[in-house]
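Geometric and topological summary
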Amino acid sequence: MKNKIRNVDIWGLDESVHASGYPMSHGVPPLHWGSVPTDKRYAQASRLAKAPTGSGHDCWLKGVIVQFDWTISQTIYPQVERYHFIDIISSQSKMHRLYLAEKKDFNEHVDSVILNRFLEMVEEYNNEDNPLVAKDLFLKLVYSVPMGYELTARFSTNYLQLKTIYQQRKNHKLNEWQEFCKWVETLPKFKEWVLG
């Protein structure tokens, strides 16, 4: 299986741990930029991270920003877009890539008969010289592409949203969600802070 999540960047981990103590601090919080939080602060942040979703006590997790490239099928895209705090920074375009589709662009769950017919349609489109016929063939491609067609997008989210996604999707029927949740478990401190 190819690596579906790549180019991971994480920001604000230590800074957000420091900020998790703000609700109980007095006066102006001390300067902490670039300093490593104490064990006591980490322990407090970890307790807060495990608070029930929606309680507000875990809100400091939204300061830990995560960006990554994720190659996913057309089946999962609408489910990802349901989350309010996961932004698609940029993505491959089905409209611009479809006529270049090859077998490797589809996941292993696409029926071979359907995939072969679709790739024949791609070839028909690419060999058509008549613009009117080509337009019709292109629309047939767009509306006939198997849901297992995979595109890559760059996503931006945070640990608080990933906590929600993890809770809702860890036992999902789609392998893509299960694999995503296993990846989330590998993020720095996520397992320790959020899962306990």
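Residues numbered from 1 in each chain as written. Predicted model: local features only at pLDDT ≥ 70, side-chain atom pairs only at ≥ 80, totals over all residues. Heavy atoms only, no water.

1. Quick notes on the overall build of the chain
- Along the backbone of the chain there are nine helices and four strands.
- When the helices and strands of the chain are read in sequence order from the N terminus, they spell out β-α-α-β-α-β-α-α-α-β-α-α-α.
- On C-alpha atoms alone, the chain measures out to a radius of gyration of 22 Å, which is more than a quarter above the 16 Å that the 2.2 N^0.38 rule sets for 196 residues.
- Going through the 196 residues of the chain one by one, you find that 42% of them count as buried.
- Of the contacts made within the chain by residues no fewer than 6 positions apart, 74% connect residues no fewer than 24 positions apart.
- As presented, the chain carries roughly 11,700 Å² of accessible surface, and 55% of it is formed by carbon and sulfur atoms.
- When the 24 positive and 23 negative side-chain charges of the chain are each reduced to one mean point, those points stand 9 Å apart. (Helix = DSSP H or I, 4+ residues; strand = E, 2+ residues; numbered from the N terminus. Rg over C-alpha atoms; globule rule 2.2 N^0.38 Å. Buried < 20%, exposed > 50% of the residue type's maximum accessible area, 1.4 Å probe, protein only. Contact = heavy atoms within 4.5 Å. Areas by Shrake-Rupley, 256 points an atom, 1.4 Å probe, with all protein chains shown as cover. Lys, Arg positive; Asp, Glu negative; His and termini not counted. Charge placed at Lys NZ, Arg CZ, Asp CG, Glu CD.)

2. Topic: the environment of D105
- Mapping D105 onto the fold places it in the loop between α4 (94–97) and α5 (112–126).
- Relative accessible area serves as the criterion here: at 10%, D105 is assigned to the buried category.
- Between the alpha carbons of D105 and G148 there is a distance of 8.5 Å; along the sequence they are 43 residues apart.
- Here D105 is in contact with R97, L100, G148, Y149 and E150, once residues within four sequence places are set aside.

3. Notes on unusual backbone geometry
- Of note in this structure, N7 is not a glycine but carries a positive phi near 55 degrees.
- Counting through the fold element by element, N7 comes out in strand β1 (residues 5–11).
- Backbone geometry at K189 places phi at a positive 70 degrees, although glycine is not the residue there.
- Among the structural elements, K189 can be located in the loop between α8 (175–185) and α9 (190–195).
- For K189, a relative accessible area of 30% corresponds to the partly exposed category.

4. Comments concerning the pattern of salt bridges
- Evaluation of the coordinates by the stated rule reveals 10 salt bridges.
- Between K4 and E150 there is a salt bridge, with the nearest N and O atoms lying 2.4 Å from each other. Of this pair, K4 sits in the segment before β1 while E150 sits in strand β4 (residues 150–158), placing them 146 residues apart in sequence. Side by side, K4 and E150 carry an identical accessibility label, which is buried.
- The shortest N-O distance in the salt bridge between R97 and D105 comes to 3.3 Å. (Salt bridge = Lys/Arg side-chain N within 4 Å of Asp/Glu carboxyl O.)

5. Structural notes on the layout of surface pockets
- A volume near 150 Å³ is recorded for the largest pocket.
- What lines the largest pocket is a set of 12 residues, among which N107, H109, L174, N175 and E176 lie closest to the centre.
- Take the lining of the largest pocket: its biggest share by element is three residues, from α8.
- Residues that form the lining of the largest pocket fall into these classes: two nonpolar, five polar and five charged. (1 Å grid on protein atoms, 1.4 Å probe; cavity = no way out; pocket = protein on both sides within 12 Å on 5 of 7 lines; lining within 4 Å. Points joined across faces, edges and corners; volume = space filled by probe spheres on them. Nonpolar A, V, L, I, M, F, W, Y, C, P; charged D, E, K, R; others polar.)

6. Here we look at the side chain of S73
- Following the sequence through the fold, S73 ends up in strand β2 (residues 65–73).
- Once residues within four sequence positions are removed from consideration, S73 is found in contact with N107, M147, G148, Y149, E150 and E176.

7. Structural notes on the sheet that holds β1
- With antiparallel pairing, the four strands of this open sheet are ordered in space as β1-β2-β4-β3. Edge positions in the sheet fall to β1 and β3 (87–91), since each of these pairs with one other strand and no more. Neighbour to neighbour, the strand axes of the sheet diverge by 25 degrees on average, direction disregarded.
- This element, helix α7 (residues 159–169), spans β1, β2 and β4 of the sheet and lies at about 120 degrees to β4.
- Packed on one face of the sheet, α8 meets β1, β2 and β4 and runs near 155 degrees to β2. (Pairing = 2+ DSSP bridges. Axes fitted to C-alpha atoms, helices over the stretch in contact; angles between N-to-C directions.)

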